[in-house]
Amino acid sequence: MPNQKIYSGKAKDLYSTEDENVIVAQYKDQATMLNGARKEEVLGKGKLNNQISSLIFRQLNKAGIKTHFIKQLSETEQSNVKLAIIPLEVVLRNVVAGSFAKRFGLEEGVKLSKPIVEFYYKNDDLDDPFINDEHALFLKVASAEELAFLKAQARQINIILQDLFARIGLTLIDFKLEFGRNQAGEIILADEVSPDTCRLWDTDGNHMDKDVFRRNLGSITDVYQVVLEKLQGLEENE
Ligand code: UDP
């Protein structure tokens, strides 16, 4: 049935459409952390993230990455290809930050000699644990070839995104991706790419991402607005 809510997530609600292969993602005015343990309404966040995510997906599509993004429908909605989501969070790190800094007792801000890709098992009840390839194979979430493909995709997307953000004066510290399989079993980039899922630092070391909310550093919408405007400026000049 079209227009039925098929999933309610922390940052987005998903709706069915007349086409069984297409869904509508509606970005919500909500910020969460600690797996939803802290949750706040943030007016205007949905439309900022939908616009940023749409713009980044357009850039990735243009650079030849297959993504689920079809088009932006409104300020808060975009249409996406319906996929069976692989329950892995694929994290790529260029610079030490967040849980990586904590886990290894390192200072945030140290550049890694080579980007590191990590997998987390997407499972709310387990708080998305850190896992390795052998765990992923044991859990049957993906084959060895698919895991290799996910890592290669993350590295390729990293090169595109690093360049994109560098052009607006931001350093891509780390980010999280999710992928899904289409009807043909092909693996395609899914979910969102936004300051909710990427760490972005400006040249003065200011956090231009969800850490503003996580660490109570100021207004998250003010910061996301700056990121959106810079990206829009870039897109207009193309
Ligand atoms: N991330 C995300 N969703 C999650 C966990 C992490 O989008 O559920 C992103 C986060 O924004 C950062 C990167 O993945 O860009 C690495 O996050 P980290 O493991 O350092 O965890 P955190 O410190 O955010 O808890």
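Numbers given for residues are sequential positions, taken from 1 along each chain in its written order. A pLDDT threshold of at least 70 governs which residues receive local features in this predicted model, and a stricter bar of 80 or more applies before side-chain atom pairs are shown or counted, although totals over entire chains, interfaces and linings include all residues. In computing side-chain properties, one takes all heavy atoms of the structure into account and sets aside hydrogens as well as water.

Undergrad: Can you tell me about unusual backbone geometry, naming the residues and giving the values?
TA: Its identity as a non-glycine residue notwithstanding, Leu34 has a phi of 50°, on the positive side. The residue Asp127 is not glycine, and still its phi comes out positive at about 60°. Position of Asp127 relative to the elements: it lies in the loop between strand E10 (111-121) and strand E11 (130-131). On the basis of relative accessible area, Asp127 is assigned to the exposed category, the value being 53%. By the criteria applied, helices consist of DSSP H or I runs no shorter than four residues and strands consist of E runs no shorter than two, each listed in order from the N terminus. Only protein chains enter the accessibility calculation, which uses a 1.4 Å probe. A residue is then buried if its area is under 20% of the maximum for its type, exposed if over 50%, and partly exposed in between.

Undergrad: Go over the packing of helix H1 (residues 45-62) against helix H6 (residues 220-236), please, and point to the residues and values.
TA: An axis is simply a line fitted to the C-alpha atoms; with a helix, the fit covers only the stretch in contact. Between two such axes, the angle follows the N-to-C directions and lies from 0 to 180 degrees. Two numbers describe how H1 lies on H6: the axes approach to 10 Å, and their chain directions differ by 30°. With respect to their mutual orientation, H1 and H6 come out roughly parallel. Pair H1 / H6 crosses with left-handed handedness. Facing Lys45, Leu48, Asn49, Gln51, Ile52, Leu55, Ile56, Arg58 and Gln59 of H1, the residues of H6 in contact are Ile220, Thr221, Tyr224, Gln225, Val227, Leu228, Leu231, Gln232 and Glu235. Put simply, Ala, Val, Leu, Ile, Met, Phe, Trp, Tyr, Cys and Pro go in the nonpolar bin, Asp, Glu, Lys and Arg in the charged bin, and everything else, Gly too, in the polar bin. Of the residues in the contact of H1 with H6, the class split is nine nonpolar, six polar and three charged. Geometric relationships in this document are graded by angle, where less than 35 degrees denotes roughly parallel, more than 145 denotes roughly antiparallel, 65 to 115 denotes roughly perpendicular, and other angles denote oblique. Helix crossings are classified by the rotation of the near helix relative to the far one: an anticlockwise turn of less than a right angle makes the crossing left-handed, while a clockwise turn makes it right-handed. Note on definitions: a residue-residue contact is assigned when non-hydrogen atoms from the two residues lie within 4.5 Å.

Undergrad: Account for the sheet that holds strand E15 (residues 198-202), with residues named and values stated.
TA: Spatially, the five strands line up as an open sheet ordered E11-E10-E9-E12-E15, and their pairing is antiparallel. Edge positions in the sheet fall to E11 and E15, since each has one partner strand and no second. Two strands are said to pair when DSSP picks up at least two bridges between them. Pairing between E10 and E11: two bridges, direction antiparallel. Along E11, the bridge assignment pairs Tyr120 with Phe130. Against the sheet, helix H4 (residues 144-166) contacts strand E9 (88-95), E10, strand E12 (170-177) and E15, and its axis sits at roughly 150° relative to E12.

Undergrad: Quick rundown of the pattern of salt bridges? Include the residues and the values.
TA: Note on pairing: side chains with opposite charge can pair once their charged atoms come close. Should a side-chain nitrogen of Lys or Arg be within 4 Å of a carboxyl oxygen of Asp or Glu, the pair is scored as a salt bridge. Applying the stated criterion across every chain, the model contains 25 salt bridges. Across the salt bridge formed by Lys5 and Asp13, the nearest N and O atoms sit 3.5 Å from each other. Using a relative accessible area of 47% as the deciding quantity, one classes Lys5 as partly exposed. Of the residues examined, Asp13 reaches a relative accessible area of 7% and is grouped as buried. A salt bridge links Lys122 to Glu178; its shortest N-O distance comes to 3.2 Å.

Undergrad: Just give me the short version of the pairing of strand E2 (residues 12-16), but keep the residues and values in it.
TA: Here is the key point about a regular strand: its side chains alternate between the two faces of the sheet. Burial of E2 is extensive: four of the five residues sit out of reach of the surface. Two strands pair when backbone bridges link them, and strand E1 (residues 5-8) and E2 are joined in this way by three bridges, in the antiparallel orientation. The partner of Tyr7 across the bridge, within E2, is Leu14. Connecting E1 to the next strand, E2, in antiparallel fashion are three residues. Relative to strand E3 (residues 22-27), E2 runs antiparallel, the two sharing five bridges. Its bridge partner lying in E3, Asp13 is registered against Gln26.

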